[in-house]
Structure formats: structure tokens, C-alpha cells
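Structure assessment
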Amino acid sequence: MSKKIKKIGVMTSGGDAPGMNAAIRAIVRACSYYNVECVGIYRGYQGMIEGDFVKLTARSVHNIINKGGTILKSARSKEFRTKEGRAKAYKNLTAANIDALVLIGGDGTFTGGMVFNSEYNFPCIGIPGTIDNDIFGTNYTVGYDTALNTVVEAIDKIRDTASSHNRLFFVEVMGRDAGFIALNAGVGAGAEEILIPEEDLGLDRLLESLKRSKRSGKSSSIVVVAEGDKIGKNVFELANYVEENLQQYEVRVSVLGHMQRGGSPSCFDRVLASRLGVKAVELLLDGEKNLMVGFINNKVDTTDLEKAVKGHHTINKELLRVSDIITM
């Protein structure tokens, strides 16, 4: 029989994402609703090792739903990867009478939770919080929608300059291993080409596409590049290659960088985070563990943490086909 859950710890780990605070708020208030104590763990697993805890009440989380980042801070912990580090974390959790954990983050965060659960049978529920949208078991991760809107807004502004000066802009967006941001933002912003890790466009095809755009009368173009795209070593090398081979273009590069992670979360991310946060608490109170709560086909659903970590969230082939048709 599962131990009765009286106190739940919540932490954010890995890269921050807009909507993490909304998830924290939902978890804390769900705990309050069900008369369960809630404890915030600062700086992820590192804070767990150091016992950096704070009691959270419904009033502790007022006015944070609109804030980007995470009030609990985030950090990567090499020490937690060791048995000694995890032993310290377990000792601190039990000393604080924490019975279960809600982990907000990505695959690294979930891997840590899986290992911790296997060693100490400690109930953990994961909430996918990453702008990359690369977690298996959910159609959307918390922070992804906000990042998309940030990128589209930035590209719209860059296009104004590109049009004014008849320039070709390479815009690099986040996505070291996945092209979800690049593909969706590229379609949404009307980019002429979209380069993602999942599809090797190749230099020849890229050059031919840009030549075709020029012949059609376009005086400026936008190419959206995921940082993990395989065509060039980096976006600057790619831009130099194009400028050398298509001298009719004046080429510029804009790297959006970490601005994609910041800012006030969109309404979609706030609602998603709230739904997942409440469900995470309810799962723990129902005796569940080692699950990730996600959003599939407009419904909150669960996936084993191991599947969430090892599974592969594939790129939308239909959207790829659409982009091939309309990017010209």
C-alpha cells in the first residue's frame, strides 16, 4: 500500500522556460486545495543536495503566473549524478518530511528522477518544461508556445530591415537536436527556407532555392536555421558560403539566442502549465509515481518517465510538406 502523501516538493531543473512559474503556482495551490504541504526546492537537484528548501503556500505564489523564468531558480548538478550526491539529497528530503516530488524540466531532469526513484522508491512525477518541444509523450511542452511567438515577432522585425536593404538574413533559433521551433516559426513567419537537423537540405538545394527566389523577383529573403542544422559547421560559415556563391545577395546573420527562453508566458503556456501542475499533484495523491504528465490530443495524459526520456518526438511530416510548398 502506498504511503500517504502529506508533503510534496517541487523543483525546476535544466534550462528555464516561460510557464515554469505558472506550473509552480498550480502545484502549490493544488496542494493547498487538497490540504497537503508544499515545499519549493531551489536550484534543482543541487538545492536538494544542499537542503535549500522553502515552504510554499497559496499566497507565496501570487503574481507569478505572468513571469518568465523560474522563482525556484535552476541549475545543473554534477554531484547528483553520483550515488553519494543522491544519498545526500534523500537524507535532506526525509529530514524535511517530503514524501514525493514534482520535477519540472526536460529529459535530464526526468532521468535524475528515474534513477532516484529506482534507488529510493521515491515517488516522482515529471512536467515537461522546455522550449524545444522535444519530449516524447506530449504534443506541447511548457514554454514552447511562448518561444515560438518570440521568434516569430523577432523575424517579423528582421524582415522589415531585410526588405528595406534588399538583404538575405540567416536567423538562427534554438534547437540543437530538434527543429520544432525552426519549422513552426519559419512557416509562421513566412521564411523562404527552413533548415532543421531532421532534414538535410544540402548546400546545392539551398543555393538553387535562393536563386529561384531571386529569379521570381524577390529582393530580400529570410532563412530560419535551427542551431543543430547539419549543412554548415555554424550559421556564420553557412552565410559566408552563400555570399561567396551568390554574390547578388548581401547576407546578414542574426542569432536570437537566449531571448527565446525569456519573457512573459503566452496564455497557452499558462493554461497548459496550470493543467499539468494540478494533474501532477493529483497523480501523487492517487499513489502514482515515475510518470510524466503531458498534453496529447487536447487532453492531459501520462507517460512512463522512461518512455518520455527514451522516446523520440518526431517532426511533423505534414508541416514539412506544407513548408516545401509555400516557402518560395
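Bear in mind the structure is a predicted one, so any value in this text is a computation, not a measurement.

Looking at the nonpolar core
Grouped together as the largest cluster of nonpolar side chains are 64 residues, with contacts concentrated most on Val10, Ile27, Ile127, Ile181 and Ile222. Residues within four places of Ile127 in sequence aside, it is in contact with Ile27, Val102, Leu103, Ile104, Gly105, Phe110, Val142, Leu276, Gly277, Ala280 and Val293. Core analysis: the second largest hydrophobic core is formed by 16 residues, Leu206, Val223, Leu238 and Val251 among them.

Section: the packing of helix α6 (residues 180–189) against helix α11 (residues 317–326)
Two numbers describe how α6 lies on α11: the axes approach to 10 Å, and their chain directions differ by 40°. In terms of orientation, α6 and α11 fall into the oblique class. You can see that α6 and α11 cross each other, and the crossing is left-handed. In this structure, α6 contributes Leu183, Asn184 and Val187 to the contact, and α11 contributes Leu319, Leu320, Ser323 and Ile326.

Description of the side chain of Glu192
Looking at the secondary structure, you find Glu192 in the loop between α6 and β7 (193–195). The exposure class of Glu192 is buried, given its relative accessible area of 3%. A polar contact is formed between the side chain of Glu192 and the backbone nitrogen of Ile222, at a distance of 2.6 Å.

Observations regarding the pairing of strand β8 (residues 221–226)
Where burial is concerned, most of β8 is hidden: six out of the six residues are buried. Burial of β8 is two-sided: the residues Ser221, Val223 and Val225 facing one way and the residues Ile222, Val224 and Ala226 facing the other way are all buried. In terms of strand pairing, strand β6 (residues 167–173) meets β8 through six bridges, oriented parallel. The partner of Phe169 across the bridge, within β8, is Ile222. Sheet topology note: the β7/β8 ladder contains three bridges and is parallel. What sits directly across from Leu195, in β8, is Val225.

Considerations on the environment of Val255
Within the secondary structure layout, Val255 lies in strand β9 (residues 250–255). What makes Val255 partly exposed here is its relative accessible area of 39%. Separated by 82 residues in the primary sequence, Val255 and Val173 place their C-alpha atoms 6.6 Å from one another. Beyond its immediate stretch of four places on either side in the chain, Val255 contacts Glu172, Val235 and Phe236.

What counts, and at which threshold
Residues numbered from 1 in each chain as written. Predicted model: local features only at pLDDT ≥ 70, side-chain atom pairs only at ≥ 80, totals over all residues. Heavy atoms only, no water. Core = buried A, V, L, I, M, F, W, Y, C linked by side-chain atoms within 4.5 Å. Buried < 20%, exposed > 50% of the residue type's maximum accessible area, 1.4 Å probe, protein only. Contact = heavy atoms within 4.5 Å. Axes fitted to C-alpha atoms, helices over the stretch in contact; angles between N-to-C directions. Helix = DSSP H or I, 4+ residues; strand = E, 2+ residues; numbered from the N terminus. Parallel < 35°, antiparallel > 145°, perpendicular 65-115°, else oblique. Left-handed = near helix turned anticlockwise from the far one by under 90°. Polar contact = N/O pair within 3.5 Å; in protein donor to acceptor, adjacent residues only side chain to side chain. Pairing = 2+ DSSP bridges.

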